[in-house]
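Overview (structure and organization)
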Amino acid sequence: MKELELHEKIEAYLKNRLSPEERAAFEAEMNANPELATTVALHRDLMAATGEKDVLDLRRQMEEIYREQTAEDIEGRKKTGATVREMSLGGGMSVSFRRIVMAAAAAVLLGIVAVTVWKPWQQLPEAPIAQPDILPSVDSASTNVQDENRVADLPPSPTKGNKKPYQPQFPSKKQNSTSASGSRYLAMAEEAYQKSSEEWAGTLKSGVTDGTLSTEEKAQQGFAQKDYAAVVNLLSTDSDTLSPVSTYLRGHAYFRLEDYAAAAADFRKLLRDNGYSADAEWYLLLSLLAEKGADDPEVKQLLKQIRKSDEHPYHSDLQRLLPKIRSR
Amino acid sequence: MAKHPNEWYAEGLRSQTPEVLRSIFDEFLPMVVGFVCNNSGTREDARDVFMDAVEALFRKAKTGELVVTSAFSTFLIEICKRHWLKKLRRKKFDAEVTPDELVVSNTVGDMDIPLEMTERYKLMSEKFALLQKDCQMVLSLSWHTEMGMEDIAEQMGWTYGYARKRKHACKEHLITLVKNDQRYQELRA
């Protein structure tokens, strides 16, 4: 069982959402597997620890009382004119005057050494940025995927101003399949796409026969029925007026039609959308990988971006893809 | 010597009455600071030990299991002493001074479990507070409400698939933060 599914099962167990049979089977599994039992216990603790509002309130109160008491104590000592030697922080602990003097002297000495050796007023030469060895070498002329100009300079949408039904042209496949490495990247991208898009595609509505469906709902239905050309035709409008949901759906339809350039264009538009930016990064990466291969500057940038954040939802998908790219 | 009867402290602690909490700190914290500082600790250690003890007492009090057979002050101080000495043993710390005459009463032995729970939960909520805000929110909504993942995704403005992955990534990060903390290893030992 994949880790995500296991964790969801653990939570369902802890929230009493399993059927009696499922629960019994899961408990038997825990009894036979101490590691699973430990994982379940950890989940239980995390859920409990983060949900105890009364305990959190108590801690906040105690912290506040402690801060006030400490401030009052120090203030009180100041008013009585106690010297540093006599100053007590409460409860009988005296601060050594000798220790304070020694600590101050050490701080001054360190400051002198730092100024002598470091000389912060001098300009430091820029250190070359080391490239991670698992990524292809960076082209010095590469542009940042976040560049405003790049976002504005998009390849024209195949459907813009075009009233004719969409016909798949397979331009990207032809472009990238002329070399052995191009075909390999294409295969990698398609395999990774297949794995990561399964669960999303499964959530799309299908089988609804109500004639009052909106265009977007019809497009979703079309996607669920694998009529990707119909999806593109339904959503063939000026991209600026298309909702993020529809742009996302159309991007996927293009990908499945192997029109990777068009897919990339749609995913690129969603990079700044809070709800879709992470998905857009991943699927843009796959689209460009299929279309242009791993040496493309934008691909390198996306690889770096997703890799650097272990909280990125596609971080683990990337970790599985990277060794394949490296072994090309 | 405590200024008030046991019931005043126990009930005030259970209901988190500010006056009672302040009184507990004013009257008993200095004694704990004295003990801890005389046994290889600092004022900050004493503060942590004291707050853990008060929190553990609160846990017992809110479930109605708190039974104080001696004076409240004696009970609380004994819990703190036992807690501090256990912490020292966990750190394998060779105390510079171990008073021969010190005998930690075993009458507060039944506070061990709530104390360990307090330390464990405190560690976990500290690490939770380090997560990004959207991580905190998606985990809170998932764990502490009856909302399904579809509704959570809608509230967060995410796709369903993204919400599932994001939640999983956030939880993994939280687990990593907890497991990498030395206190987690000490508590498991």
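Keep in mind the model is a prediction, meaning the values are calculated, not measured.

Conventions used here
Residues numbered from 1 in each chain as written. Chains lettered and ligands numbered in written order. Predicted model: local features only at pLDDT ≥ 70, side-chain atom pairs only at ≥ 80, totals over all residues. Helix = DSSP H or I, 4+ residues; strand = E, 2+ residues; numbered from the N terminus. Buried ≥ 20, exposed ≤ 12 C-beta atoms within 10 Å, placed from the backbone. Contact = placed C-beta atoms within 7 Å. Nonpolar A, V, L, I, M, F, W, Y, C, P; charged D, E, K, R; others polar. pLDDT = per-residue confidence, 0-100. Expected span 1.5 Å × (residues − 1). Core = buried A, V, L, I, M, F, W, Y, C linked by C-beta atoms within 7 Å. Axes fitted to C-alpha atoms, helices over the stretch in contact; angles between N-to-C directions. Left-handed = near helix turned anticlockwise from the far one by under 90°. Parallel < 35°, antiparallel > 145°, perpendicular 65-115°, else oblique.

Attention shifts here to the overall build of chain A. For chain A, the helix and strand inventory stands at 15 helices and zero strands. Relative to its full complement of 328 residues, chain A shows a buried share of 26%.

Attention now goes to the overall build of chain B. Broken down by element type, chain B carries nine helices and zero strands. In chain B, the order of α-helices and β-strands from amino to carboxyl end is α-α-α-α-α-α-α-α-α. Among the 189 residues that make up chain B, the fraction classed as buried is 37%. Residue pairs at least 24 apart in sequence account for 68% of intrachain contacts in chain B once pairs closer than 6 positions are excluded.

Moving on, we come to the interface of chain B and chain A. Opposite the 42 residues of chain B that make contact, chain A presents 40 residues. Of all elements in the fold, only α2 (18-37), α3 (43-62), α5 (112-128), α6 (133-144) and α8 (160-179) of chain B reach the threshold of two or more residues within the side of chain B that touches chain A. With 13 residues, α8(B) is the single largest residue contributor to the side of chain B that touches chain A. Partitioning the side of chain B that touches chain A into residue classes produces 22 nonpolar, ten polar and ten charged.

All names here are of chain B. Confidence in the prediction for chain B averages 87 pLDDT; 89% of positions are at 70 or higher. The lowest-confidence element of chain B is helix α9 (residues 182-188), averaging 84 in pLDDT; the highest-confidence one is α6, averaging 95. Note that residues 94-102 has pLDDT below 50 and, in this model, six contacts with residues that lie over four places away or in other chains. We note a pTM of 0.56 for the whole complex and an ipTM of 0.88 for its interfaces.

Take unusual backbone geometry next. Residues and elements named next belong to chain A. Positioned with a positive phi, K226 is a non-glycine residue whose angle comes to about 65 degrees. Along the chain, the position of K226 falls in the loop between α9 (215-224) and α10 (228-234). Residue classification places K226 among the exposed residues on the basis of 12 C-beta atoms within 10 Å.

So, on to helix α11 (residues 244-256) of chain A. Residues and elements named next belong to chain A. Given a rise of 1.5 Å per residue, 13 residues ought to cover 18 Å, and the 18 Å separating the end C-alpha atoms of α11 matches this to within 8%. Of all 13 residues that make up α11, eleven are buried, and the element is covered over most of its length. Along α11, the positions that sit buried rather than exposed are S246, T247, Y248, L249, R250, G251, H252, A253, Y254, F255 and R256.

Moving on, we come to helix α13 (residues 277-292) of chain A. All names here are of chain A. The end-to-end C-alpha distance of α13, which contains 16 residues, comes to 21 Å, matching closely the 22 Å that a straight helix rising 1.5 Å per residue would cover. Of all 16 residues in α13, 15 are buried, a share of seventy percent or more. At the C-terminal side of α13, G293 shows a positive phi close to 90 degrees.

What follows concerns the nonpolar core. Residues and elements named next belong to chain A. The biggest cluster of nonpolar side chains holds 60 residues, and the ones touching the most others in it are A189, V231, A264, L284, L285, L286 and L289. Among the elements that make up this core, the one with the highest residue count is α13 (ten residues). When residues no more than four places from it in sequence are discounted, the contact partners of L284 are A264, F267, R268 and L302.

One can find A49(A) in helix α3 (residues 34-49). A residue is classified by how many C-beta atoms lie within 10 Å of it, and A49(A), with 22 of them, is buried. Once you skip the residues sitting within four places of it in the chain, A49(A) turns out to touch Y121(B), M124(B) and S125(B).

This part is about the packing of helix α1 (residues 3-14) of chain A against α3(A). Residues and elements named next belong to chain A. Running from N to C, α1 and α3 cross one another at 65 degrees; their axes reach a closest spacing of 10 Å. Two packed elements cross with a definite hand, and for α1 against α3 that hand is right-handed. On α3, the residues that touch I10, E11 and L14 of α1 are T39, V40, H43, R44 and M47. Split into classes, the residues belonging to the contact of α1 with α3 amount to four nonpolar, two polar and two charged.

Our focus in this paragraph is the environment of R320(A). Residues and elements named next belong to chain A. Summarising the element assignment, R320 is placed in helix α15 (residues 315-326). The class for R320 is exposed, based on 12 C-beta atoms found within 10 Å. When the C-alpha atoms of R320 and A192 are compared, they prove to be 8.7 Å apart, with 128 residues separating the residues in sequence.

Before going further, it helps to examine the confidence of the model for chain A. All names here are of chain A. A residue-level look at chain A finds 61% of positions with pLDDT of 70 or above and a mean pLDDT of 73. Averaged over each element, pLDDT in chain A is lowest for helix α6 (residues 148-152) (38) and highest for helix α2 (residues 20-32) (95). For the stretch residues 83-95, pLDDT sits under 50, and the model shows 24 contacts to residues farther than four places along the chain or on other chains. Contacts of residues 123-163 to residues separated by more than four positions or lying in other chains number 36 contacts, the stretch itself having pLDDT below 50.

Attention now goes to the packing of α11(A) against helix α12 (residues 260-269) of chain A. Residue and element names in this part refer to chain A. For the pair α11 and α12, interaxial distance at closest approach is 7 Å and the crossing angle is 160 degrees. In this view, α11 runs roughly antiparallel relative to α12, as classed from their interaxial angle. Between α11 and α12 the crossing geometry is left-handed. Taken together, the residues of α12 that come into contact with α11 (itself represented by T247, R250, G251, Y254 and F255) are Y260, A262, A263, D266, F267 and K269. Looking at the contact of α11 with α12 residue by residue, the classes come out as six nonpolar, two polar and three charged.

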